[in-house]
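# Residue-level structural notes
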Amino acid sequence: MLRSAWRLLPCPSPLPKGTADRQQHALRRGCGGRVQQDSPCPGVMQHHATLASSPASWCSFPCLPSELRLDFVLSCGQSFRWSEVHPGHWTGVLAGRVWTITQTDDRIWYRRYSNDEKALKKEELFSTCKKPTAKRNQPKTSAKTAPDWNEIKVENPCQTTVKEEKKETATILKEEPEEEFFGVGEDLKMEVEILRDYFQLEISLADLYKRWSAADTHFEQVAHTFPGVRILRQDPTECLFSFICTSNNHISRITGMIERLCRAFGERLCELDSIEYFTFPSLKALAADDAEARLRDLGFGYRAKFISQSAQTILKEHGPDWLPSLRSIPYEEAKSALCSLPGVGAKVADCVCLMALDKPGAVPVDTHVWQIAKRDYMPQLGSGNKSLTDRVYKEIGSFFQTLWGPYAGWAHSVLFCADLKKFKDLPEHKATKRRPEKRKT
């Protein structure tokens with residue numbers, strides 16, 4: 001009796017474009033057989049999957065690009081653990097498992113890989129990913145309701161009938177009694193809930209873009225070129241220690257540092273095409289007596305001390321559950337608590353508040369955001385301010401919070417993403433690029 005989620009073997013011939021066409025084509029091919037996702041054949045190397053080459057191994061749920069653009073969100077410096085291994089396919093570690101995610105015009109598609117035998121068990125994955133019992137401390141806004149779990153879609157070439165999609169949804173396709181595939185439904189629910197929670201898809205980004213555009217003509221201009229930029233809801237430990245590494249650094253170098261950190265202190269999950277994937281290190285691992293020395297050997301420099309000492313401080317003075325508990329307290333209290341840790345200043349604290357602690361109004365201000373503020377919003381900052389002082393930091397944050405409202409941190413991230421050099425060469429960006437008028441204050 002199978003005890004885990006199953007997937008069907010892919011069709012051997014090329015598939016036409018389009019979800020409906022692909023499904024109908026697979027039915028005509030009459031593929032048979034099924035495999036357990038969590039039990040790969042011993043000795044068989046796993047590979048990075050693509051939607052075109054192995055559609056039968058993917059699941060999906062409805063999501064428009066206006067609500068989420070993976071290419072922007074996963075490469076703009078929020079998280080440093082996702083890589084575009086194949087065009088449009090992002091592979092990374094989330095909730096103790098390795099995933100590949102891609103998107104089409106109306107759906108997010110995902111493939112979750114099986115872990116090594118010695119890696120985290122499925123029960124540990126699910127228990128790790130349970131949402132905190134405390135309500136999320138977020139401002140009121142119109143939000144999309146969570147989907148009916150019958151809207152989750154599994155590509156099933158062996159299904160004898162196909163139901164047409166209605167309102168961007170589809171039904172879980174089953175052909176065996178539920179008891180024979182114990183846990184299939186629950187596994188799918190958990191997988192989709194993990195992804196929806198990570199991307200915070202219960203928040204209507206389209207509504208927020210409308211509000212910000214009505215309040216800010218410069219944002220309105222940028223919004224047409226950079227839709228779907230939203231804030232991730234990351235694990236607080238991973239977010240904190242990742243951003244401790246960001247001081248005086250850039251995205252590509254930070255990504256390499258986080259990779260070395262996970263390889264040295266995390267647990268191996270699996271290997272795809274000779275690329276090994278690891279969990280993010282635990283607080284206990286980072287607080288070990290030899291952690292600082294090992295981190296210096298890995299090229300972390302002065303950040304090695306901050307990582308080691310912060311992990312030790314959290315465990316000795318607060319406990320392992322302290323960081324997630326900061327989600328339930330007010331923003332200023334959470335920021336102040338984070339700033340008490342070694343190596344954590346206002347910017348790192350605001351990044352963690354925004355991207356891990358459910359504080360959407362937090363506005364992290366680095367030299368990049370400072371330049372945006374001076375150029376497009378607050379020209380007076382350019383006179384007599386040669387460095388980003390605490391006073392200027394607070395002034396910029398307050399300005400944006402007043403302009404954009406309770407989700408100011410989300411809006412700020414859209415402009416941050418739009419100003420990154422890596423996106424300057426986008427054709428649509430060049431077509432709409434125009435120097436905005438200075439705002440009078």
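Presented here is an overview of the structure given in this document. Keep in mind it's a predicted model, so treat the numbers as computed, not measured. (Residues numbered from 1 in each chain as written. Predicted model: local features only at pLDDT ≥ 70, side-chain atom pairs only at ≥ 80, totals over all residues. Heavy atoms only, no water.)

## So, the pattern of salt bridges
- Throughout the structure, instances matching the rule amount to 15 salt bridges.
- For E276, the salt bridge goes to R263, with nearest N and O atoms at 2.7 Å. Highlighted residues: E276 in strand 10 (residues 275-278) and R263 in helix 8 (residues 251-265), separated in sequence by 13 residues.
- On the basis of relative accessible area, R263 is assigned to the partly exposed category, the value being 40%.
- Salt bridges linked by common partners bring D116, E259, R263, R268, E271 and E276 together as one network. (Salt bridge = Lys/Arg side-chain N within 4 Å of Asp/Glu carboxyl O. Helix = DSSP H or I, 4+ residues; strand = E, 2+ residues; numbered from the N terminus. Buried < 20%, exposed > 50% of the residue type's maximum accessible area, 1.4 Å probe, protein only.)

## Comments concerning the side chain of E238
- Note that E238 resides in helix 7 (residues 236-244).
- For the buried residue E238, which engages in no salt bridge, the nearest side chain bearing the opposite charge is R81, 4.4 Å off.
- When neighbours within four sequence positions are excluded, E238 is seen to be in contact with S79, R81 and F280. (Lys, Arg positive; Asp, Glu negative; His and termini not counted. Contact = heavy atoms within 4.5 Å.)

## With respect to unusual backbone geometry
- Phi is positive for A95, which is not a glycine, with a value near 55°.
- Inspection of the secondary structure puts A95 in the loop between strand 5 (89-94) and strand 6 (97-103).

## Quick look at the pairing of strand 4 (residues 82-86)
- Here strand 4 runs beside strand 5; their pairing, made up of 4 bridges, is antiparallel. For W82, the partnering residue across the bridge sits in strand 5 and is G92. (Pairing = 2+ DSSP bridges.)

## Structural notes on the pairing of strand 6
- Among the 7 residues of strand 6, 6 are classified as buried, and the element is accordingly described as predominantly covered.
- The hairpin formed by strand 5 and strand 6 contains 2 residues between the paired strands, and A95 there has a positive phi angle of roughly 55°.
- Where strand 6 folds back on strand 7 (residues 107-112), the antiparallel hairpin that results is connected by 3 residues.

## Remarks on the packing of aromatic side chains
- Evaluated as defined, the whole model comprises 17 aromatic pairs.
- An angle of 65° between the planes, with centres 6.0 Å apart, marks the rings of Y377 and F399 as edge-to-face. With Y377 in the loop between helix 15 (367-376) and helix 16 (390-404) and F399 in helix 16, this residue pair connects regions lying 22 residues apart in the sequence.
- An angle of 85° between the planes, with centres 5.3 Å apart, marks the rings of Y377 and F400 as edge-to-face. Note that Y377 is positioned in the loop between helix 15 and helix 16 and F400 in helix 16, a separation of 23 residues in sequence. Each of the two residues, Y377 as well as F400, counts as buried.
- Chaining the aromatic ring pairs together yields one cluster made of Y377, F399, F400 and W404.
- Positioned above the aromatic ring of F265 is the side chain of R294, whose terminal nitrogen or guanidinium carbon lies 4.2 Å from the ring centre.
- In this structure, K374 is placed above the aromatic ring of W370, and the distance from its NZ or CZ to the ring centre is 4.1 Å. (Phe/Tyr/Trp six-rings, centres within 6.5 Å; stacked < 30°, edge-to-face > 60°. Lys NZ or Arg CZ within 6 Å of the ring centre and 35° of its normal.)

Keep in mind these values describe shape, not function.
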